[in-house]
Structures are given as C-alpha cells and as structure tokens.
Amino acid sequence: MALDLANLASVRAFATAFLSSEPRLDILIHNAGISSCGRTREAFNLLLRVNHIGPFLLTHLLLPCLKACAPSRVVVVASAAHCRGRLDFKRLDRPVVGWRQELRAYADTKLANVLFARELANQLEGTGITCYAAHPGPVNSELFLRHVPGWLRPLLRPLAWLVLRAPRGGAQTPLYCALQEGIEPLSGRYFANCHVEEVPPAARDDRAAHRLWEASKRLAGLGPGEDAEPDEDSQSEDSGAPSSLSTTHPEEPTVSQPYPSPQSSPDLSKMTHRIQAKVEPETQLS
C-alpha cells in the first residue's frame, strides 16, 4: 500500500485505505526513515516530517483499530543518536540545509522518537496498547550509502559489511519489542540489543515529551477529536493508579529484574507474516 510519510495527505489516505480493508492491527512498527534530505528542498523540516510527524499522525489515525485489537503494541525505531539530540521548539519545523544541519536534525528526530514512545505510553495507559522505542544498532542498508558520492561507495561497502549489522540482525530488537511476552510493564521505555536501557535526562523529560506531543499535533494538522486520549472506562478504572512513567526528571531507578536474552526471543525465522512492507532498517553512525 502506498505511503509517503513526507506527505500528510498520503498518510491520511493510507490510514483510510488500511482501516477499510484490514479487520485487525495487532502490531504497528514505525521502521521507515531517512538520514538526509538529499536534493529535496521543502518549506518544512523533511527529516522531522518523515521520521516523526508522519509516524505520529499515522499512529493517531490507526488508534481505533489498535484499541479494538488490544492487547496491541506500537514500536518506534529510534537510535542511539538520540543522545546527541536537542529539541528547539522555536525552530522545530525549520528547513534543514547542509550536511552538518542534517546530522544534527537526524539526532533531534531520534530524540523525538524516544520522547514520542514515552508520551504515547502515558497517554494510552490502561487501554491495552503498549509502546516501545527500539534501537536496531548500526545496520548495513542504503539509508546511509545512498547519500555517499558514487566514487566512494566501492570503498565503503566492504567496510560496511565488516562493521555493520545485516538488516536481519538490525530487525531483532524491534521484533523483540513487538513479540516478546512479559515486557508490558516496560511500556514507554527504550530498548537496544533486546533489553531495556536507560536514556539520558533529555530523553526522559516528561515536560518536553508533552510539549513535543502538542507541537506534533499542530504540525500534523490533528483536530480536537483526533487525540490519543484513553476511553472514559479505561480512565476511570486507572484513575487511582500512578503512571509508570510519571517522573518528570532524572533519577529513575535502574531496572533490577532480569530480562530475557536475545537467544530466548521467539524464533523469528519461522514466523509467517500476513502483511509485509519493504522498508529499510535505520542505519546509525554512532
């Protein structure tokens, strides 16, 4: 099904087509992304639009189906590059020009991914939908090589094969977040190498996460009736329970319980997929 994350009309058309043709949506993985604007010149921040705003809008539009199929999951493919990100809300959607700005903007969008998963988990607490940010690791894909000058590619490809993961390896952590049983209490957290990892203070700032949420709604053109608020029944049932992500600033305790090792994950090679979308895993340079 056609989907252009840079075009909000395309996102809405995709959601309408999906909801009218598919009876279920159990797992939503936001895996598509870009690392450079290439030759494209837009009046908005293209990296933010594709890596965050488009997936943000798509999630909202598909929420009714996710809620109807609960328990369900949303996985946002993030990156260790979020550690270098810094969100400037006054310049959030300003166009990006030049490779230096692109590197910075890419890190900013990955920080947005982590904060989005965190705030989405808070917004949807009690609905049966859990959310995770997943770092695939450094992956050998065209996401990086397509922007390298042609004469340099023959030199970099052998190096990429040596030091970067194959796409199958990069897919393991997002699939772990989508399929592993027992990680529901960790909704909103950041995973790498198939286990939860602590993030820097900027990536667990709940005030920044909520501010990004509101800014993203505006940039995505979402109306008042299209928010991700839980159903009234869910709110009343959980009104007395504190949010698992309610701390606003640092000092979250390190999780002490053991986590299943990657070896204990489901046998992904034997799975049958009903719907397949060809998208490239994120390639990180961190």
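Provided above is the structure to which this section pertains.
Small disclaimer: the values here were computed from a predicted structure and weren't measured.

So, the packing of aromatic side chains
The description of an aromatic ring pair rests on the distance of the ring centres and on the angle between the ring planes.
Turning to step 1, where the next piece is worked out: According to the stated counting rule, one finds six aromatic pairs in the structure shown.
Turning to step 2, where the next piece is worked out: Ring geometry for phenylalanine 56 against phenylalanine 116: centres 5.3 Å apart, planes inclined by 55°, an arrangement best described as tilted. With phenylalanine 56 in helix H2 (residues 46-68) and phenylalanine 116 in helix H3 (residues 99-123), this residue pair connects regions lying 60 residues apart in the sequence.
Turning to step 3, where the next piece is worked out: The buried category is assigned to phenylalanine 116, whose relative accessible area is 3%.
Turning to step 4, where the next piece is worked out: Between tyrosine 176 and phenylalanine 191, the ring centres sit 6.2 Å apart and the planes meet at 45°, which makes this aromatic pair tilted. Of the two residues, tyrosine 176 is situated in helix H7 (residues 172-179) and phenylalanine 191 in strand E4 (residues 190-192); the sequence distance between them amounts to 15 residues.

Concerning the sheet that holds strand E2 (residues 72-77)
Turning to step 1, where the next piece is worked out: Spatially, the five strands line up as an open sheet ordered E1-E2-E3-E4-E5, and their pairing is mixed. The open sheet has two free edges, formed respectively by strand E1 (27-30) and strand E5 (195-197), since each of these has just one partner strand. Pairwise comparison of adjacent strand axes, ignoring direction, gives a mean angle of 35° for this sheet.
Turning to step 2, where the next piece is worked out: Looking at chain direction, strand E3 (residues 129-135) and E4 are connected through three bridges and run parallel. Note on E4: the bridge partner recorded for alanine 133 is tyrosine 190.
Turning to step 3, where the next piece is worked out: Packing of H7 onto the sheet brings it into contact with E1, E2, E3 and E4, and relative to E2 it is tilted by some 160°.

What to know about unusual backbone geometry
Turning to step 1, where the next piece is worked out: Between alanine 70 and proline 71 the backbone carries a cis peptide bond, its omega angle lying at 5°.
Turning to step 2, where the next piece is worked out: Its location among the elements puts proline 71 in the loop between H2 and E2.
Turning to step 3, where the next piece is worked out: Residues other than glycine seldom take positive phi values, yet asparagine 193 does so here, at roughly 50°.
Turning to step 4, where the next piece is worked out: Mapped onto the fold, asparagine 193 is located in the loop between E4 and E5.
Turning to step 5, where the next piece is worked out: One non-glycine residue, cysteine 194, adopts positive backbone phi at about 65°.
Turning to step 6, where the next piece is worked out: Here cysteine 194 lies in the loop between E4 and E5.
Turning to step 7, where the next piece is worked out: By relative accessible area, cysteine 194 is classed as buried at 5%.

Focus: the side chain of asparagine 113
Turning to step 1, where the next piece is worked out: Following the sequence through the fold, asparagine 113 ends up in helix H3.
Turning to step 2, where the next piece is worked out: By relative accessible area, which is 1% here, asparagine 113 ends up buried.
Turning to step 3, where the next piece is worked out: A distance of 2.7 Å separates a polar atom in the side chain of asparagine 113 from a polar atom in the side chain of lysine 110.
Turning to step 4, where the next piece is worked out: If we skip the residues at most four places from it in the chain, asparagine 113 touches Asn51, His52, Val76, Val77 and Ala78.

Focus: H3
Turning to step 1, where the next piece is worked out: With 25 residues, H3 extends 35 Å between its outermost C-alpha atoms, agreeing within 8% with the 36 Å of an ideal straight helix rising 1.5 Å per residue.
Turning to step 2, where the next piece is worked out: Judged by how many residues are buried, H3 sits mostly within the fold: 19 of 25 residues are covered.

Let's talk about a nonpolar patch on the surface
Turning to step 1, where the next piece is worked out: A cluster of nonpolar side chains, namely Leu159, Leu162 and Val163, defines an oily patch on the protein surface of about 330 Å² accessible area.
Turning to step 2, where the next piece is worked out: Mapped onto the elements of the fold, valine 163 is located in helix H5 (residues 153-163).
Turning to step 3, where the next piece is worked out: The class of valine 163 is exposed, set by a relative accessible area of 55%.

So, empty space enclosed by the protein
Turning to step 1, where the next piece is worked out: With the rule as written, the count across this model stands at three cavities of 30 Å³ or more.
Turning to step 2, where the next piece is worked out: Approximately 60 Å³ is the volume found for the largest cavity.
Turning to step 3, where the next piece is worked out: Lining the largest cavity are 11 residues, and of these Arg118, Gly188, Arg189, Tyr190 and Val199 lie nearest its centre.
Turning to step 4, where the next piece is worked out: Looking at the lining of the largest cavity, its residues break down into four nonpolar, one polar and six charged.
Turning to step 5, where the next piece is worked out: Space inside the second largest cavity adds up to approximately 50 Å³.
Turning to step 6, where the next piece is worked out: Taken together, 11 residues form the lining of the second largest cavity, with His30, Asn51, Pro55, Val76 and Asn113 sitting closest to its centre.

Some points on helix H8 (residues 206-220)
Turning to step 1, where the next piece is worked out: Taking 1.5 Å per residue as the helical rise, H8 with its 15 residues ought to reach 21 Å, and the 21 Å between its terminal C-alpha atoms agrees with that figure.
Turning to step 2, where the next piece is worked out: Taken together, the buried positions of H8 are Asp206, Ala208, Ala209, Leu212, Trp213, Ala215, Ser216, Lys217, Leu219 and Ala220.
Turning to step 3, where the next piece is worked out: The secondary structure elements touched by the buried residues of H8 are helix H1 (8-21), H2 and H3.

Considerations on the pattern of salt bridges
Turning to step 1, where the next piece is worked out: This structure, assessed with the given rule, holds seven salt bridges.
Turning to step 2, where the next piece is worked out: Its salt-bridge partner being glutamate 198, residue arginine 189 comes within 2.9 Å of it at the nearest N-O pair.
Turning to step 3, where the next piece is worked out: With a relative accessible area of 34%, glutamate 198 lands in the partly exposed category.

Each value, and the rule that gives it
Residues numbered from 1 in each chain as written. Predicted model: local features only at pLDDT ≥ 70, side-chain atom pairs only at ≥ 80, totals over all residues. Heavy atoms only, no water. Phe/Tyr/Trp six-rings, centres within 6.5 Å; stacked < 30°, edge-to-face > 60°. Helix = DSSP H or I, 4+ residues; strand = E, 2+ residues; numbered from the N terminus. Buried < 20%, exposed > 50% of the residue type's maximum accessible area, 1.4 Å probe, protein only. Pairing = 2+ DSSP bridges. Axes fitted to C-alpha atoms, helices over the stretch in contact; angles between N-to-C directions. Contact = heavy atoms within 4.5 Å. Polar contact = N/O pair within 3.5 Å; in protein donor to acceptor, adjacent residues only side chain to side chain. Expected span 1.5 Å × (residues − 1). Patch = residues over 30% accessible without salt bridge, like charges linked within 9 Å, V, L, I, M, F, W, Y side chains within 5 Å. Areas by Shrake-Rupley, 256 points an atom, 1.4 Å probe, with all protein chains shown as cover. Salt bridge = Lys/Arg side-chain N within 4 Å of Asp/Glu carboxyl O. 1 Å grid on protein atoms, 1.4 Å probe; cavity = no way out; pocket = protein on both sides within 12 Å on 5 of 7 lines; lining within 4 Å. Points joined across faces, edges and corners; volume = space filled by probe spheres on them. Nonpolar A, V, L, I, M, F, W, Y, C, P; charged D, E, K, R; others polar.

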